[in-house]
Amino acid sequence: MESSQLFLILLAVYLAGLIGIGWYFTKRQNTVTDFWLAGRRIGTIGVGFSSAASWLTAGGLLSVIAFFMLQGMGSIWGFVAPNILALLIIAIFVKKIKNLPAITQAELLEQRYSAAIRAPIGIIITIVMILFAVADIKGFALVLEIFYGFDPLYAALIVALAVSVYVTLGGLSAVVWTDVVQFLFLSVFTIVIAIVAVGAATGGAVDAPANTGELFSSVSSGWWNPLSIGIPMVLIFLFAIVPGWITEQDPWQKVWAARDSKSARNGMLLGTLLITIVFAGCAVIAIALSSIYPEIPAAGFPMGMAQAEPALLVFVLENFSQLVIALSAIGLAAAAMSCTDTFATSGASCVSRDIYQRFIKPDATMKQMLAVNRLSVLFIVLAATVGSFFITSILEAIHIATYIASASYFFPLMGGLYWKRATKEGAMAGLIVGAVVQISLIVYDIYMTAPMAPAYLQTVHPVLMNHGVIAGMGLSAVAFFGVSLLTKPSSAVNLAPFFKEEAKNLAAEATVTVEDDDPKFQKFLKRIDEQLAGERAHLHVRLESSASVNWHRFVESLRSSYVAWLTPTGMNSVYRLVQADMLSCVSITRGTTDKEIWFASEPPVSEMGAQKKELYVAYNEVAAALESMGVFLTVVEE
């Protein structure tokens, strides 16, 4: 049997398992929250393993090993350290992020500012996610080209078809649990290869180190120095990369998908530990490969990069059987798919929820939205597949995406979370200035840089390295803070989801008393579907009307009749804002058909009894608004 045939057979078995996971979760996809956030029920293990797997691309790992070989520990600031630090910092912000009732960052920013900012942010995030996915496909293409001589088209098709199938079937639930499988596969591959590579480096050749201790001691002291590039360069890398990865949408969606804040925080910390272990394995592999192929580190950076990046693949190809080579290829395929699925889900959620549902068809039924969700995933995967034929550098694609994100929406996003004085005008100014300046700098830098030469802007001044992202971020900050201070403060409606005191003031007049022994209330309680997920309860009621509901007319009637009902993110979701905790507030959306209305609330478990009364009040107000339109409600039987 040819080696390529063996690989394809093993790959088919592996993909069948992933698709089986997607199929298992198909029946659990009833709402957009189920599809994009796994019903907000993911525990620590799922969050941790998925967060780690999502940031370990196949191409990224090959590049990390290459940089370790050429620049030692001083190279960690370009990829390794930002990954670790970003997850740690997100863990610090978990409580703030988790309590916001959003599915995407663009939706969150509409809540904070206005509808005008939602589409531009959604489009930018979509582009960023496509670029990240491109890097994964490129990395896997390199693997198949070296192992089997496959055209890059085959790598793109394998990743695209596999990810499309299991993600469209199972949504984020499928992504998370396939990521767990794929991280286990990848980590085992990395650790085994590290052990074998060290064994090969100390295998008895005349000039080879006699043992592991001698191998590590033979590495120069400069290799171990993480500050070898100088503290100023370390700071430039951190300020250039970490802000973009802190505000990257996909880990935020893992936080929103977690069952509670504790699971999200511990999951991020677990993810940090897991990626640190894999990166440590990469460092060991690099030390061993540098001993086996001394001509590569001798070539230096950047001249040695062309040999260093595929060095691991060459080593596997020269030293293992067809079976081990095939398993290695699948291990790297796992890295490619575990990232591509996350980026496809994250980008597609913006296309589906921030573009289609928000601006094209806000009255779409849940059945229609689930179909659009799946089509959006296919669009992102297809766009990344096409893009993989036009972008040549793996890490360059990752970094360009990061720089655009950092410069365009870091300050509007993080400033909006913690600074009351941030305004929609300031956010839009920061977004436009940052995006336009950064994209212009990237294009100019690439155009002016000669082949194999240092980046042009870097030669102008070190602070302009990384395509001048610090300059882009600086100008974005000036525009954001300056315009915010010069314009009218945000309204209480926009501030309420982010600042509890504003929510309390806004909701103070909407309290309605419900008696425990009210027969109608007791009957209503029997219709509530309740589930516990960590520190939160998930309360749902499905109602069906006597006729099709004109959603726009109904929402306008409800808002005009009751001051507590608001639409901070558009008419597709309506909130009864009577509490500072927005997740607890009752929200209503259109159900599977145009006759159904779904109620939802996610209060702390300790407040579940009181929130059932709030659901009853919301039900009565919705019923009254519909009755004024000549429409009546009944509870949908499960």
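In this text, all values refer to a predicted model and were calculated from it rather than measured experimentally.

A. Structural detail: the overall build of the protein. Helix and strand counts for the protein stand at 26 helices and seven strands. Along the three orthogonal principal directions, the C-alpha set of the protein runs to about 90 × 60 × 40 Å. The 638 residues of the protein split such that 60% are buried. By sequence separation, contacts in the protein at least 24 residues apart represent 81% of the contacts at least 6 residues apart. As presented, the protein carries roughly 24000 Å² of accessible surface, and 65% of it is formed by carbon and sulfur atoms.

B. Seen up close, the nonpolar core. The biggest cluster of nonpolar side chains holds 182 residues, and the ones touching the most others in it are Phe7, Phe68, Leu108, Phe140 and Met337. With 22 residues, the top contributor of residues to this core is helix H8 (residues 152-201). Apart from residues lying up to four places away in sequence, Phe140 is in contact with Phe7, Ala58, Ala155, Ile158, Val159, Ala329, Leu332, Ala333 and Ala336.

C. Layout of the pairing of strand E5 (residues 586-590). The element E5 is extensively covered by neighbouring structure, given that five of its five residues are classed as buried. What you see with E5 is no split at all: Val586, Ile588 and Arg590 on one side and Ser587 and Thr589 on the other are buried throughout. As paired elements, strand E4 (residues 574-576) and E5 share three bridges and run antiparallel to each other. Bridged to Tyr575 within E5 is Ser587. Where E5 meets strand E6 (residues 596-601), four bridges bridge the pair, whose relative direction is antiparallel. Within E6, the residue paired with Arg590 across the bridge is Ile597. Between E5 and E6, which follow one another and run antiparallel, lie five residues.

D. Focus on the domain arrangement of the protein. By the assigned domains, the protein splits into domain 1 (3-418), domain 2 (421-490) and domain 3 (519-634). Taking the mean C-alpha position of each, domain 2 and domain 3 sit 43 Å from one another.

E. Seen up close, the pattern of salt bridges. Under the defined criterion, the tally for this structure stands at twelve salt bridges. As a salt-bridge pair, Arg118 and Glu110 come within 2.8 Å of each other at their nearest N and O atoms. A residue is classified by how much of its surface remains accessible, and Glu110, at 3% relative accessible area, is buried. Of the charged contacts in the structure, one is a salt bridge between Arg576 and Glu621, with a shortest N-O distance of 2.8 Å. Taken as a pair, Arg576 in strand E4 and Glu621 in helix H26 (residues 608-627) lie far apart in primary sequence, 45 residues in all. Each of Glu110, Arg118, Asp354 and Arg358 takes part in a single network of salt bridges with overlapping partners.

F. Here's a closer look at the packing of aromatic side chains. One pass over the full model with this rule turns up 30 aromatic pairs. Ring geometry for Tyr444 against Tyr456: centres 5.8 Å apart, planes inclined by 80 degrees, an arrangement best described as edge-to-face. Remark: Tyr456 occurs in helix H20 (residues 456-460) and Tyr444 occurs in helix H19 (residues 424-448); sequence separation between them is twelve residues. Judged by relative accessible area, which is 39%, Tyr444 ranks as partly exposed. Given the relative accessible area of 27%, Tyr456 is considered partly exposed. Counting every residue linked through ring pairs, the aromatic cluster contains Phe7, Phe147, Tyr148, Phe150 and Tyr154. The ring of Phe359 carries the charged tip of Arg358 above its face, separated from the ring centre by 5.0 Å.

G. How the structure looks around the state of the cysteines. The final tally for this structure, using the stated rule, is zero disulfides. For Cys339, which is in no disulfide, the shortest distance to another cysteine sulfur is to Cys282 and amounts to 12 Å. For Cys350, which is in no disulfide, the shortest distance to another cysteine sulfur is to Cys339 and amounts to 18 Å. For Cys350, a relative accessible area of 0% puts it in the buried group.

H. Molecular detail of the packing of helix H1 (residues 3-24) against helix H7 (residues 118-148). Contact geometry for H1 and H7: axes closest at 10 Å, N-to-C directions at 140 degrees. Across the interface between the two elements, Ser3, Ser4 and Phe7 from H1 touch Phe140, Leu144 and Tyr148 from H7. Split by residue class, the contact of H1 with H7 holds four nonpolar, two polar and no charged.

I. Inspection of the packing of H8 against helix H15 (residues 311-319) at higher detail. Relative to each other, H8 and H15 sit at 70 degrees, their axes nearing to 12 Å. Taken together, the axes of H8 and H15 lie roughly perpendicular to each other. On H15, the residues that touch Phe189, Ile193, Val196, Ala197 and Ala200 of H8 are Leu312, Phe315 and Val316. Taken together, the residues that form the contact of H8 with H15 break down as eight nonpolar, no polar and no charged.

J. Up close: H19. Between its first and last C-alpha, H19 extends 36 Å over 25 residues, near the 36 Å set by a 1.5 Å rise per residue. Listed in full, the buried residues belonging to H19 are Gly426, Ala427, Met428, Ala429, Gly430, Leu431, Gly434, Ala435, Gln438, Leu441, Ile442 and Asp445.

K. Layout of the pairing of E6. With respect to burial, E6 is a largely interior element, five of its six residues being buried. In the sheet, strand E2 (residues 536-545) pairs with E6 via six bridges, with the strands oriented antiparallel. The residue bridging Leu539 from the neighbouring strand is Ser601, located in E6.

L. Quick look at the confidence of the model for the protein. Per-residue confidence for the protein gives a mean pLDDT of 89; residues scoring 70 or more make up 97%. Put simply, helix H23 (residues 500-507) is where the protein has its lowest mean pLDDT, 71, and helix H12 (residues 261-292) is where it has its highest, 95.

Calculation rules
Sequence order sets the numbering: in each chain, residues are counted from 1 along the sequence as written. The predicted nature of this model means local features are confined to residues of pLDDT at least 70 and side-chain atom pairs, given and counted, to a pLDDT of 80 or more, with totals for whole chains, interfaces and linings taken over all residues. For side-chain calculations, the full set of non-hydrogen atoms in the structure is used, while hydrogens and water are omitted. Labels follow the DSSP assignment, with helices taken as runs of H or I lasting at least four residues and strands as runs of E lasting at least two, numbered in each case from the N terminus. Only protein chains enter the calculation, and the probe is 1.4 Å; a residue is then buried if its accessible area is under 20% of its type maximum, exposed if over 50%, and partly exposed in between. Any two residues having at least one pair of non-hydrogen atoms within 4.5 Å are treated as being in contact. For the area figures, the Shrake-Rupley method with a 1.4 Å probe applies, and any residue is considered shielded solely by the protein chains shown. Take the buried residues of types Ala, Val, Leu, Ile, Met, Phe, Trp, Tyr and Cys, join any two whose side-chain atoms come within 4.5 Å, and each joined set is a nonpolar core. Pairing between strands is defined by DSSP: at least two bridges between the two strands are required. Where each domain starts and ends follows an automatic or database-derived domain assignment. Put simply, a salt bridge is a Lys or Arg side-chain nitrogen that is within 4 Å of an Asp or Glu carboxyl oxygen. Only Phe, Tyr and Trp rings take part, Trp by its six-membered ring, and two of them pair if their centres are within 6.5 Å. Stacked means planes under 30 degrees apart, edge-to-face means over 60, and tilted covers everything else. We call a charge positioned above a ring when the Lys NZ or Arg CZ atom is no farther than 6 Å from the ring centre and deviates by at most 35 degrees from the ring normal. Any two cysteine sulfur atoms lying within 2.5 Å of each other are counted as a disulfide. To define axes, lines are fitted to C-alpha atoms, for helices over the stretch in contact only, and angles between the resulting N-to-C directions are given on a 0 to 180 degree scale. Residue classes follow a fixed rule: Ala, Val, Leu, Ile, Met, Phe, Trp, Tyr, Cys and Pro count as nonpolar, while Asp, Glu, Lys and Arg count as charged, and any other residue, Gly among them, counts as polar. Any angle from 65 to 115 degrees is called roughly perpendicular, while one under 35 is roughly parallel, one over 145 is roughly antiparallel, and all others are oblique. Expected span of a helix: the number of residues minus one, times 1.5 Å. What pLDDT reports is the predictor's confidence in each residue, on a scale of 0 through 100.

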